[in-house]
Amino acid sequence: MPSVNAHLAMTHLVPLAKEVDDDKVTPGVLGFIVFAVMALAVWGLMKSMSKHMRKVDFKEPAEVSTGDGKTSEAEPRKG
């Protein structure tokens, strides 16, 4: 059995809901909050990714020429 407050709220909110245009759909506050949380998550991931990418060494190992005209790759740097 619904409480008196719930029944009172329903009787006051139902007429307001009928005033809303059925062809107009908006995301509302919940949609904004979900979008804002997703945007903050993407921002945090991008910040973390850029921090990790700064640590990556992109230098390719130099080619060392051997005396017989052949080239070979140098040993990769450690560290």
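Residues numbered from 1 in each chain as written. Predicted model: local features only at pLDDT ≥ 70, side-chain atom pairs only at ≥ 80, totals over all residues. Heavy atoms only, no water.

**Digging into the overall build of the protein chain**
Point 1. Within the protein chain, the regular secondary structure consists of 2 helices and 2 strands.
Point 2. Taking all 79 residues of the protein chain together, 0% fall into the buried category.
Point 3. Surface accessibility of the protein chain: about 8,100 Å² in total, with carbon and sulfur atoms responsible for 66%. (Helix = DSSP H or I, 4+ residues; strand = E, 2+ residues; numbered from the N terminus. Buried < 20%, exposed > 50% of the residue type's maximum accessible area, 1.4 Å probe, protein only. Areas by Shrake-Rupley, 256 points an atom, 1.4 Å probe, with all protein chains shown as cover.)

**Notes on a positive patch on the surface**
Point 1. Among the surface-exposed residues, Lys 47, Lys 51, Arg 54 and Lys 55 lie close enough to one another that they form a single positively charged patch.
Point 2. On the secondary structure map, Lys 47 appears in helix 2 (residues 28-54). (Patch = residues over 30% accessible without salt bridge, like charges linked within 9 Å, V, L, I, M, F, W, Y side chains within 5 Å. Salt bridge = Lys/Arg side-chain N within 4 Å of Asp/Glu carboxyl O. Lys, Arg positive; Asp, Glu negative; His and termini not counted. Charge placed at Lys NZ, Arg CZ, Asp CG, Glu CD.)

**Quick look at a nonpolar patch on the surface**
Point 1. Together, Val 42, Met 46, Met 49, Met 53, Val 56 and Phe 58 make up a nonpolar patch on the protein surface, roughly 600 Å² of accessible area in all.
Point 2. As for its placement among the helices and strands, Met 49 is situated in helix 2.

**Let's talk about the confidence of the model for the protein chain**
Point 1. Of the residues in the protein chain, 52% have a pLDDT of 70 or more, and the chain-wide mean is 76.
Point 2. Mean pLDDT across the secondary structure elements of the protein chain bottoms out at strand 2 (residues 71-73), with 58, and peaks at helix 2, with 95. (pLDDT = per-residue confidence, 0-100.)

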